[in-house]
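So the chains spell out like this:
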Amino acid sequence: VSKLTCASKASTVGDRFKALLSRSKWVRQEELEQALDGADGLDGLDGRLAAYDPAREYVAVVVAELQRGPACWHQVGGGHPASIEDSGPWLYVLDHGTSRAGRRPGFSYTGSLRPYRVSPRRPVAEGILLPDYAADGDPRAEQAAPARSTPPVVSAAQAEKLRAVCRMGREIVDAAHRVIKPGVTTDEIDRVVHDKHMEFGAYPAPLNYHNFPKSVCTSVNEVVCHGIPDMRQLEDGDIVNIDVSPIFDGFHADLNETFCVGPGVTQKKKDLIKASHDSLMKAIDACKPGFFYRDVGGIITSHINGCGFAVDKTYCGHGVGEYFHCAPNIPHYAGNKAKFVMKVGHCFTIEPMINTGTWKDVHWADGWTAVTKDGKPSAQFEHQLLMHESGAEILTARLPNSPPLWWE
């Protein structure tokens, strides 16, 4: 494995092996024999297959596709996987990311989705500036900042830094979009997102923020937000939201989009995605200096109610810039009591989460994954905005080469 993955950016053999885990699988003996037909390194494998004890042992085979053809290495290991579909060295996340377990936690799941095992934390390349929470999960600077209570005003120099990091965020989301298809795990999406951050020299803000274990949020079907990437493979007909937040040169980007997986996505899910996107764009169109942040929710709610869906009331948009989250808070539902009016230099997100049925949500045992209370699908879009005299600049706008959304 060390030789086969020596071109990776990881610094140790163990870290290089982690990149292969999401592409590895347990296979039954008859499938293995077919896959290895004509491969180098088969000497002794027949003997191992004939002699091992299936009750307490397994035969592990590593296969590589080389230029001259397939080659393999094999060995006998102790123990037996409890589940062919869900086994291996990864663990389930518990307690907001502070602990792990070898068994899936008990929970009254509201829909068909279930948590799967989560890979170890991916390493951050040397030279990338780490936030204060990278080691212990506690964003002390953000919590103590005056920006928590008063929206900061961005200078011209800071605006340029925001444009640069938001361009990175856009390219990272687009990179994730390009790999989405049935059979891809959300952990593989996390690997793509993480590697793209390392390529840019940026830190993925979700990684260890309040102990979140991964570099991106991947929210599938009934997950409203903060889904943790794991070894579950995306299925034809799923929808998945990708939420990305790079930090570069002291400033944050924050954006997300919801995508279809395969051709089997129902029209109802497609309508939900489109309604979420359109409600965001209508809210952005209304933004201008002097506009009340509390009135954003009325615009979104009016559009969403007309589409027959519901606005989730638990989560809101927020200020962003030097800090991941700061003032103002921007609820997406009508009748909220949000403070402040928009001013030139304010930088913030609008990110409506739209549910098919009830607006209410619950959290899984991991403490992060928010799902609809009725188990029905949810969709979300998010843009980061910078306020000017003429209106809002969309810092995270789609590019001419961005992969198309389902209606484009």
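Our subject is the structure listed above.
Described below are features of the structure shown in this document.

Conventions we followed
Residues numbered from 1 in each chain as written. Predicted model: local features only at pLDDT ≥ 70, side-chain atom pairs only at ≥ 80, totals over all residues. Heavy atoms only, no water. Disulfide = S-S within 2.5 Å. Axes fitted to C-alpha atoms, helices over the stretch in contact; angles between N-to-C directions. Helix = DSSP H or I, 4+ residues; strand = E, 2+ residues; numbered from the N terminus. Left-handed = near helix turned anticlockwise from the far one by under 90°. Contact = heavy atoms within 4.5 Å. Nonpolar A, V, L, I, M, F, W, Y, C, P; charged D, E, K, R; others polar. Pairing = 2+ DSSP bridges. 1 Å grid on protein atoms, 1.4 Å probe; cavity = no way out; pocket = protein on both sides within 12 Å on 5 of 7 lines; lining within 4 Å. Points joined across faces, edges and corners; volume = space filled by probe spheres on them. Core = buried A, V, L, I, M, F, W, Y, C linked by side-chain atoms within 4.5 Å. Buried < 20%, exposed > 50% of the residue type's maximum accessible area, 1.4 Å probe, protein only.

Remarks on the state of the cysteines
All chains considered together, the criterion is met by 0 disulfides. Cysteine Cys307 is unpaired, with the sulfur of Cys260 as its nearest cysteine sulfur at 16 Å.

Regarding the packing of helix 5 (residues 156–179) against helix 6 (residues 186–200)
For the pair helix 5 and helix 6, interaxial distance at closest approach is 9 Å and the crossing angle is 150 degrees. The handedness of the crossing between helix 5 and helix 6 comes out as right-handed. In this structure, helix 5 uses Met168, Glu171, Ile172, Ala175, Ala176 and Val179 to contact helix 6, whose residues at the interface are Ile189, Val192, Val193, Lys196, His197 and Phe200. Split by residue class, the contact of helix 5 with helix 6 holds 9 nonpolar, 1 polar and 2 charged.

A look at the sheet that holds strand 11 (residues 255–260)
In a beta sheet, neighbouring strands pair by backbone hydrogen bonds and run either parallel or antiparallel. The 3 strands are arranged 6-8-11 in an open sheet whose pairing can be described as antiparallel. Strands at the two margins of the open sheet, each flanked by one partner only, are strand 6 (217–220) and strand 11. Strand-to-strand twist in this sheet, taken as the mean axis angle between neighbours without regard to direction, amounts to 20 degrees. One ladder, built from 4 bridges, connects strand 6 with strand 8 (residues 239–244); its direction is antiparallel. Within the sheet, the bridge partner assigned to Cys217 lies in strand 8 and is Asp243. Here helix 7 (residues 267–286) sits on the sheet and contacts strand 8 and strand 11; the angle it forms with strand 11, its principal contact strand, is near 160 degrees.

What to know about empty space enclosed by the protein
Enumeration over the complete set of coordinates arrives at 2 cavities of 30 Å³ or more. Estimates place the volume of the largest cavity at around 210 Å³. Pro115, Ile228, Asp230, Trp364 and Thr369 are, among the 20 residues lining the largest cavity, the residues nearest its centre. Contributions of two or more residues to the lining of the largest cavity are made by strand 3 (92–94) and strand 6. Looking at the lining of the largest cavity residue by residue, the classes come out as 12 nonpolar, 4 polar and 4 charged. As a volume, the second largest cavity reaches approximately 30 Å³. Residue lining of the second largest cavity: Ser219, Asn221, Val223, Val224, Ile239, Val240, Asn241, Thr258, Ser378, Ala379 and Gln380, and that is the complete set. Looking at the lining of the second largest cavity, its residues break down into 5 nonpolar, 6 polar and no charged.

Brief notes about the sheet that holds strand 10 (residues 251–252)
Reading across the sheet, the 3 strands line up as 5-9-10 and stay open at both edges, with antiparallel pairing between neighbours. Two strands in the sheet have a free side with no partner beyond their single neighbour: strand 5 (203–204) and strand 10. In the sheet, strand 5 pairs with strand 9 (residues 246–248) via 2 bridges, with the strands oriented antiparallel. By the bridge assignment for strand 9, Pro204 is matched with Pro246.

Observations regarding the packing of helix 7 against helix 8 (residues 296–307)
As a packed pair, helix 7 and helix 8 sit with axes 9 Å apart at the nearest point and diverge in direction by 150 degrees. Here helix 7 and helix 8 pass one another in a crossing that is right-handed. Every residue of helix 8 that contacts helix 7 at Ala275, Ser276, Asp278, Ser279, Lys282, Ala283 and Ala286 is listed here: Val296, Ile299, Ile300, His303, Ile304 and Cys307. Here the contact of helix 7 with helix 8 is composed, by residue class, of 8 nonpolar, 3 polar and 2 charged.

Points about the nonpolar core
Among the nonpolar cores identified, the biggest contains 47 residues, and Ile242, Phe348 and Ile350 are the most heavily contacted of them. Within the residue set of this core, elements represented by two or more residues are helix 5, helix 6, strand 8, strand 11, helix 7, helix 8, strand 15 (347–350) and strand 20 (383–388). The biggest single contributor to this core is helix 7, with 6 residues. Grouped together as the second largest cluster of nonpolar side chains are 11 residues, Ala159, Cys166, Cys347 and Leu386 included.

Some details on unusual backbone geometry
When glycine is set aside, most residues are seen to have a negative phi, and most peptide bonds are trans. Following Ala327, the chain continues to Pro328 via a peptide bond in cis, the omega torsion being 5 degrees. Phi at His210 is positive, roughly 50 degrees, even though this residue is not glycine. For His210, the position within the fold is in the loop between strand 5 and strand 6. Positioned with a positive phi, Asn211 is a non-glycine residue whose angle comes to about 75 degrees. Mapped onto the secondary structure, Asn211 falls in the loop between strand 5 and strand 6.

Quick look at the layout of surface pockets
Put simply, the second largest pocket is a space of about 800 Å³. In terms of lining residues, the second largest pocket is bounded by 35 residues, among which His226, Tyr315, Cys316, His318 and His325 are the most central. Elements represented by at least two residues in the lining of the second largest pocket include exactly strand 13 (316–319) and strand 14 (326–331). In terms of residue count, the dominant contributor to the lining of the second largest pocket is strand 14 (5 residues). Partitioning the lining of the second largest pocket into residue classes produces 16 nonpolar, 13 polar and 6 charged.

Nothing here speaks to function; it is geometry throughout.
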